[in-house]
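Coordinate inspection notes
Listed here are the chains, written in short residue letters.
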Amino acid sequence: MIRGPPRATQSRSSAASDVYKRQQEARASDEMPSPPKDALKDILAEQRDLAKALASKKAELDERENLLRAEEQRLLSLRRDIVSKMTILKAQEEKLAAELDKVREDNIKRFKEMAKVYESTPPAKAGPMMEKLDTKTAAGITMNMKKDKAGALWAYLTPAKAVEITKEITRAGGFKSE
């Protein structure tokens, strides 16, 4: 506790008495008056408004969470559908690849058989026949012929047809090994 000035100095104006008076005024201002009842009502109203706002925000967040869960379920369902369709497409692709390989094998087999026919035909007769074929067929037959028989046949083809057949053979990968 702070002591006051001696009684002798209380009545006189001095620096010590001024300090004493200021201390008394400071103690009086430190004591807070109780708030009026209207102020308490205002505080309670603010707290209620805050509680309502928080409840509203919580409801909004709960609704968003439910919507997100529903969207997640929808996306998972779509993903399952896509994966199953991809599996079906993969199976169909494998099936078509097998069928395409069979068709290619059948074409090669036919070209080999036709190559034997053209090899057994004299070049003077086979040349004009080869000239009338489409370029792809002529190239397929030529690629499956023995090289010496195919070379003899070239003498009876026009230069333009020979160039077309050569271009097709080059695109297809050249002659097969004997």
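This section reports on the structure supplied with the text. (Residues numbered from 1 in each chain as written. Predicted model: local features only at pLDDT ≥ 70, side-chain atom pairs only at ≥ 80, totals over all residues. Heavy atoms only, no water.)

Some words on the layout of surface pockets
Rules: Note on definitions: the grid is 1 Å and covers protein atoms alone; a cavity is a set of points where a 1.4 Å probe fits but cannot get out; a pocket is an open set with protein on both sides within 12 Å along at least five of seven lines; lining residues have an atom within 4 Å of a point. Grid points are joined across faces, edges and corners, and a volume is the space filled by probe spheres set on the points. We call Asp, Glu, Lys and Arg charged. Ala, Val, Leu, Ile, Met, Phe, Trp, Tyr, Cys and Pro are nonpolar, and the rest, Gly among them, are polar.
Of the volumes computed, that of the largest pocket is approximately 340 Å³. Around the largest pocket, the lining comprises 13 residues; the ones closest to its centre are Ile108, Phe111, Lys136, Met143 and Ala172. Here the residues of the lining of the largest pocket are counted per class, giving five nonpolar, three polar and five charged.

Describing helix H7 (residues 159–172)
Applicable threshold: In this text, helices come from DSSP runs of H or I with a minimum length of four residues, and strands from runs of E with a minimum of two, each type numbered from the N-terminal end. Expected span of a helix, by definition, is 1.5 Å for each gap between consecutive residues, and there is one gap fewer than residues. Relative accessibility decides the category of a residue: with a 1.4 Å probe and only protein chains considered, values under 20% of the type maximum give buried, values over 50% give exposed, and everything between is partly exposed. The reported arc concerns the directions from the helix axis to the C-beta atoms and nothing else. By definition, residues are in contact when any of their heavy atoms lie within 4.5 Å.
If you check H7, its first and last C-alpha atoms are 20 Å apart, about what 14 residues at 1.5 Å a residue would give, namely 20 Å. Every buried residue of H7 is listed here: Lys161, Ala162, Ile165, Glu168 and Ile169. Taken end-on, H7 shows its buried residues confined to a sector of 130°, consistent with a single buried face. Turned more than 90 degrees off the buried face of H7, the exposed positions are Pro159, Ala160, Lys167, Thr170 and Arg171. Check the buried side of H7 and you find it contacts helix H4 (123–132), helix H5 (135–143) and helix H6 (147–154). Count one or two residues on from H7 and you reach glycine 173, which has phi positive near 115°.

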